[in-house]
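If you want the building blocks of each chain, they are given just below.
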Amino acid sequence: MFDGKRLRRARAAAEDGRGISAEALARRIDATKAQVLAYENGLVRPDPRRIQDLAQALGIEPLQLSDTSRARTWTMSDLRRAHGLRAEDVSGTLGLSLRTYRRLENEGLVPAHRFNLMNELAELFAIGTHEVEEHLCRAPLLSQRLDDVREPLACLLSFYLQPRNLERPGPGDDEIVALAGLYRRSPLTLARIVGHEIARLRGMLRRQLRFEAVASYGATAEEQAKGQAAAHAEGRKIREVMDALPHNLDTFFRSMLPLEAWRTIALFHALRPLGGWLSPGQLNAKSEQLAMIPAQLLERRTTGKDAAKAEYRISEQGAKHCAAYRPWYDACYPAVQALVQVNERALAGHMQQSDLHDLLAQSDAVLFSFDGLLCRLFGRDLQTVSERLLSAAQSLQMVLPPQTPTDPVGMLRALVRHGTPSQIKQLDRLLTQCETEAARHVTPLPGVSQLLRALADSPRRLAVVTDHASDAVHVFLERLPADIPPGRIAVVGRPDDPELMKPNPHGLARATAALKARHARVLLIGESIADALAAQTARIPFVGIAATTRQARMLRDAGASRTVASVRTITAVVKEQQAGA
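Predicted model, so just to flag it, every value in this text is computed and none were measured.

**A short note on the layout of surface pockets**
Part 1 of the argument: In this structure, the largest pocket encloses a volume near 1,200 Å³.
Part 2 of the argument: Lining of the largest pocket is provided by 26 residues; of these, Phe211, Val214, Arg380, Asp381 and Thr384 occupy positions nearest its centre.
Part 3 of the argument: The set of elements that each furnish at least two residues to the lining of the largest pocket consists of helix 12 (187-217), helix 13 (221-255), helix 20 (382-395) and helix 22 (421-439).
Part 4 of the argument: Among the residues making up the lining of the largest pocket, the classes are represented as eight nonpolar, seven polar and eleven charged.
Part 5 of the argument: There is about 700 Å³ of room inside the second largest pocket.
Part 6 of the argument: As for the second largest pocket, its lining consists of 28 residues, and the residues nearest its centre are Asp371, Asp407, His468, Glu527 and Ser528.
Part 7 of the argument: Here the lining of the second largest pocket gets four residues from one element, more than from any other, and that element is helix 21 (residues 408-415).

What follows is the structure, given as structure tokens:
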């Protein structure tokens, strides 16, 4: 790193440009003229302490005596020496043992108890944390350590990914203990993260097997070819996940937050879609918890004249950290996820249960949307159905709009103005076939059966109002638990004229008339903006299901002021009313 030419130029520019002789510089650093000239001519490289002395004598920073054009290739020890620091200087400044600091430089290992060390290093060397990460990734023994990781990791994956093996690794597994030693982390932490990755890989392997089945038994050659390509692509993804795991674990452990810091930053991330700044009081977070969070992960501002009153929000870098590592944090700190959900609901602006109780008490009839609320009708086949619909439109020689929605129902609505009634009828028939077939296999979303059962036990009249085919909804309802009487739930499906689909209130008006209920005594439960807009136009009370803060904000932006986090909230209130009746 040291550049003798820069030393010569710095000596010539010293003393406000007057320069000093090599002999005078030698006296200032307690050296000889021959030594200074040897440094300048590249014959001898000074040690860090001598670099520090030279820089101080010349009135410059030590880094100015190094060839910084090659800084992108430096290791952490190169960076340290370029700053004129010995390993013991840095370890003492950071409060680390010399052995721990040497391990950091040589192997790129950050000790578990120093979660903020990356920031401290960045501050010490006046660089960004991403640059610290780059220097650590060039640690001389890092590649050897990661090679050592691959053998026990491969043994774990090979064993736990065997067919019919549903177990996960435990902290007592020999390979987990070996990995924990190589990463200098607890065996429990390694067992939880590797267990999560094994579950993820099992899911990928199941998808690959399904694709292989299509490749072998598809009805057409085209289907078989697509299945084979998909199986190969999934296999490639599986190999990439396995190959990248050692390095990804290494990167994660260099920036892993302790439990309390993760709880706070995870809540910031969950509430990010709401867009606002939050005070520590709103987060129920103490100042020491906020202090644990690296500065680059949060943005801070003061409010009013009191500089002590601060508000915070997650930064772009913090959001990326959460998005990248949340599954592993959830595996390591399983209790945090539930705590975040509780706080998220409190701050997301959902309606109080007492208000929901009053709203349900005033309702003689309850309407439900279908896809997205009761089930995910097409699930992973959504794109396939859309492609079939688009292909059918092309075969009918329809003039297609420049852009079409990706969901099949939205695509049908978009194609209305570009086809004849006969063409639209044929597309509608095709979509109905796809919907009905999907309904034979789809399962209700969590909590839906319990909600429908509870409402079926009440005197309220019930109906599903949807832009999907009535036949598909009937097939779905027939497959519900037997204690929901057949025909208990009416169905108002897609109108003959697609222009009358939501947000047009046509379907709500039909359902309200069929149930012989007054609009003010009807309640619509839905999850989409179209549901909210249709309810407003029809002047029907609406409750939106918003599982995330993003959904809550979208519904509120659409004018829906009443939201709950899940259908289970409604079920609990209905059962409470029945118990008190």
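**Description of the pairing of strand 4 (residues 461-465)**
Part 1 of the argument: With four of five residues buried, strand 4 is to be regarded as a mostly interior element.
Part 2 of the argument: Two elements, strand 4 and strand 5 (residues 489-492), share four bridges in a ladder whose sense is parallel. Each bridged residue has a counterpart across the sheet, and for leucine 462 the counterpart in strand 5 is isoleucine 489.
Part 3 of the argument: Between the parallel elements strand 4 and strand 5, the chain passes through helix 24 (residues 470-478) in a crossover that is right-handed.

**Description of the packing of aromatic side chains**
Part 1 of the argument: What the rule picks out here adds up to ten aromatic pairs.
Part 2 of the argument: Ring plane angle 10 degrees and centroid distance 4.0 Å describe the contact between tryptophan 262 and tyrosine 329, whose orientation is recorded as stacked. Of this pair, tryptophan 262 sits in helix 14 (residues 259-270) while tyrosine 329 sits in helix 17 (residues 316-332); the two residues are 67 residues apart in sequence, bridging distant segments of the chain. For the pair tryptophan 262 and tyrosine 329, a shared accessibility class is recorded, and that class is buried.

**Here we look at empty space enclosed by the protein**
Part 1 of the argument: Scanning the model with the defined rule gives two cavities of 30 Å³ or more in all.
Part 2 of the argument: Each pocket or cavity is described by its volume, and for the largest cavity that value is around 40 Å³.
Part 3 of the argument: For the largest cavity, the full set of lining residues is Val465, Thr466, Asp467, Gly493, Pro495, Leu500, Met501, Lys502, Asn504, Gly507 and Arg510.
Part 4 of the argument: Tallied by class, the residues present in the lining of the largest cavity amount to four nonpolar, four polar and three charged.
Part 5 of the argument: The computed volume of the second largest cavity comes to approximately 30 Å³.
Part 6 of the argument: Of all the elements, helix 13 adds the most residues to the lining of the second largest cavity, at three residues.

Rules used in this analysis
- Residues numbered from 1 in each chain as written.
- Predicted model: local features only at pLDDT ≥ 70, side-chain atom pairs only at ≥ 80, totals over all residues.
- Heavy atoms only, no water.
- 1 Å grid on protein atoms, 1.4 Å probe; cavity = no way out; pocket = protein on both sides within 12 Å on 5 of 7 lines; lining within 4 Å.
- Points joined across faces, edges and corners; volume = space filled by probe spheres on them.
- Helix = DSSP H or I, 4+ residues; strand = E, 2+ residues; numbered from the N terminus.
- Nonpolar A, V, L, I, M, F, W, Y, C, P; charged D, E, K, R; others polar.
- Buried < 20%, exposed > 50% of the residue type's maximum accessible area, 1.4 Å probe, protein only.
- Pairing = 2+ DSSP bridges.
- Right-handed = clockwise from strand over helix to strand, strands pointing away.
- Phe/Tyr/Trp six-rings, centres within 6.5 Å; stacked < 30°, edge-to-face > 60°.

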